[in-house]
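Summary of structural features
The lines below spell out each chain.
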Amino acid sequence: MSEIHVFNHTAMATQFQVRIAGEEKSYAAQAAQAALALTDELEAKLSRFRANSEISEIAQLAAGKTLRLSEPVFACLGIAQKMEAITRGAFSVTAGALKTQAVRPMWSLHDFFIRCESGKLEFDLGAIGKGFALDRMAEVLREWSCPAFLLVAGGSSILAGDAPTGAAGWSCGLGDDNAARRMMLKNCSLSGSGLAVKGPHILDPRTGEPARRQARAWALCDTAAESDALSTACMVLEEAEISEVIGSNTAWAVFLEEDGKVRILGGREVPQWV
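Worth saying up front: this structure is predicted, and the values here are computed from it rather than measured.

Moving on, we get to the overall build of the protein. Helices and strands together make up the secondary structure of the protein, namely six helices and 13 strands. What you see for the protein is a C-alpha radius of gyration of 19 Å, in line with the 19 Å of a compact globule of 274 residues. Based on the C-alpha atoms only, the size of the protein along its principal axes is roughly 55 × 40 × 30 Å. In the protein, buried positions account for 51% of the 274 residues. Considering only residue pairs separated by 6 or more positions, the protein has 59% of its internal contacts joining residues 24 or more positions apart. Total accessible area on the protein stands at roughly 12300 Å², and carbon and sulfur atoms take up 50% of it.

Given below as structure tokens:
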């Protein structure tokens, strides 16, 4: 198998890692640096903890007012809007707004503008922002002609490119990097959500209450933004609801863990287990 070069960077309050196979080390380092630098740029735009970020500016919009967005923010919110609709509201960037507002705020997107329809747009992109960053990092690596890569954000979000030469894919643990259950990933993303580390921190956007439907859930999708959002939604939905949500999308699969056993839902072909 070809040599793998590993690079790390801290952004968005998590550790990002880039693994590149089949390239000369110094060239791989340059490509990884370009990809990792993007995480800082995106954090400056997407973080609700940055006073001058676009997400903080959005929170200041009064009802009926609009704000022109940069392309990355518009794209990320567009995916969030799509995933909220697909998951029937089980995923939403306004989930936390019910802590301070009686009803969820309403908003719309059009031609790089966001409009506040009602309420205060208190967005939290924590359940999609890191995955979105991985997708954009992958674009950078492909522009550098480094197609064989594995991108990791905090261990809970993984995006795999082409497999290293001589390998079936990138060996990834279901749960963490040292997990016994492993699969060979290529050209897909795997994201996980659970209660073990942070407790019941995921809110049901429809009620504002902590989600307790599942103990742990993973989503396998083509993009990391989708898998991040879907795994979060799966913590909120009943198993029958999950099956309905993913039933029409053959590119999605979900893994649910209960009592140490994993159940697989969805029509996507699952990668090779090792």
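So much for the structure itself; the text now carries on.
So, on to the sheet that holds strand 10 (residues 188-194). Spatial strand order, 1-2-6-7-10-11-12-13: eight strands in an open sheet with antiparallel pairing. Two strands lie at the open edges of the sheet, namely strand 1 (4-11) and strand 13 (261-265), each paired on one side alone. If you compare each strand with its neighbour and ignore which way they point, the axes differ by 15 degrees on average. Looking at chain direction, strand 11 (residues 216-221) and strand 12 (residues 253-258) are connected through five bridges and run antiparallel. Of the residues in strand 12, the one forming a bridge with leucine 220 is alanine 253. Sheet strands in contact with helix 1 (residues 25-46) are strand 1 and strand 2 (14-21), and its direction is about 20 degrees off that of strand 1. Helix 6 (residues 239-247) contacts strand 12 and strand 13 of the sheet and is inclined by roughly 35 degrees relative to strand 13.

The next point concerns the packing of helix 4 (residues 129-143) against helix 5 (residues 224-234). When two helices pack together, their arrangement is captured by the angle between the axes and the distance separating the axes. Close contact between helix 4 and helix 5 brings their axes to 7 Å; oriented N to C, the two are set at 165 degrees. When the axes of helix 4 and helix 5 are compared, the pair comes out roughly antiparallel. Crossing angle aside, the handedness with which helix 4 passes helix 5 is right-handed. Seen from helix 4, the contacting residues are Lys130, Gly131, Phe132, Leu134 and Asp135; seen from helix 5, they are Ala224, Ala225 and Asp228. Along the lines of polarity and charge, the residues of the contact of helix 4 with helix 5 split into four nonpolar, one polar and three charged.

One ladder, built from five bridges, connects strand 12 with strand 13; its direction is antiparallel. Within the sheet, the bridge partner assigned to valine 254 lies in strand 13 and is leucine 265. Connecting strand 12 to the antiparallel partner strand 13 that follows it, the hairpin turn spans two residues, and aspartate 259 within it adopts a positive phi of roughly 55 degrees.

Next up on the list: the packing of aromatic side chains. Taken as a whole and assessed by the stated rule, the structure comprises three aromatic pairs. Relative to phenylalanine 112, the ring of phenylalanine 74 lies with its centre 4.7 Å away and its plane at 35 degrees, an arrangement referred to as tilted. Of the two residues, phenylalanine 74 sits in helix 3 (residues 71-86) while phenylalanine 112 sits in the loop between strand 4 (106-110) and strand 5 (113-118), which places them 38 residues apart along the sequence. Owing to a relative accessible area of 29%, phenylalanine 112 belongs among the partly exposed residues under this scheme.

Within the largest apolar cluster, 68 residues are counted, with the highest numbers of intra-cluster contacts made by Leu77 and Ile114. When residues in this core are grouped by element, the largest group, eight residues, is from helix 1. Excluding anything up to four places from it in sequence, isoleucine 114 contacts Ile58, Leu61, Lys65, Thr66, Leu67, Leu69, Leu77, Trp107, Ser108, Leu109, Leu121 and Phe123. The next biggest cluster of nonpolar side chains, apart from the first, holds 17 residues, and it includes Ala148, Cys188, Leu190 and Leu220.

Analysis parameters
- Residues numbered from 1 in each chain as written.
- Predicted model: local features only at pLDDT ≥ 70, side-chain atom pairs only at ≥ 80, totals over all residues.
- Heavy atoms only, no water.
- Helix = DSSP H or I, 4+ residues; strand = E, 2+ residues; numbered from the N terminus.
- Rg over C-alpha atoms; globule rule 2.2 N^0.38 Å.
- Buried < 20%, exposed > 50% of the residue type's maximum accessible area, 1.4 Å probe, protein only.
- Contact = heavy atoms within 4.5 Å.
- Areas by Shrake-Rupley, 256 points an atom, 1.4 Å probe, with all protein chains shown as cover.
- Pairing = 2+ DSSP bridges.
- Axes fitted to C-alpha atoms, helices over the stretch in contact; angles between N-to-C directions.
- Parallel < 35°, antiparallel > 145°, perpendicular 65-115°, else oblique.
- Left-handed = near helix turned anticlockwise from the far one by under 90°.
- Nonpolar A, V, L, I, M, F, W, Y, C, P; charged D, E, K, R; others polar.
- Phe/Tyr/Trp six-rings, centres within 6.5 Å; stacked < 30°, edge-to-face > 60°.
- Core = buried A, V, L, I, M, F, W, Y, C linked by side-chain atoms within 4.5 Å.

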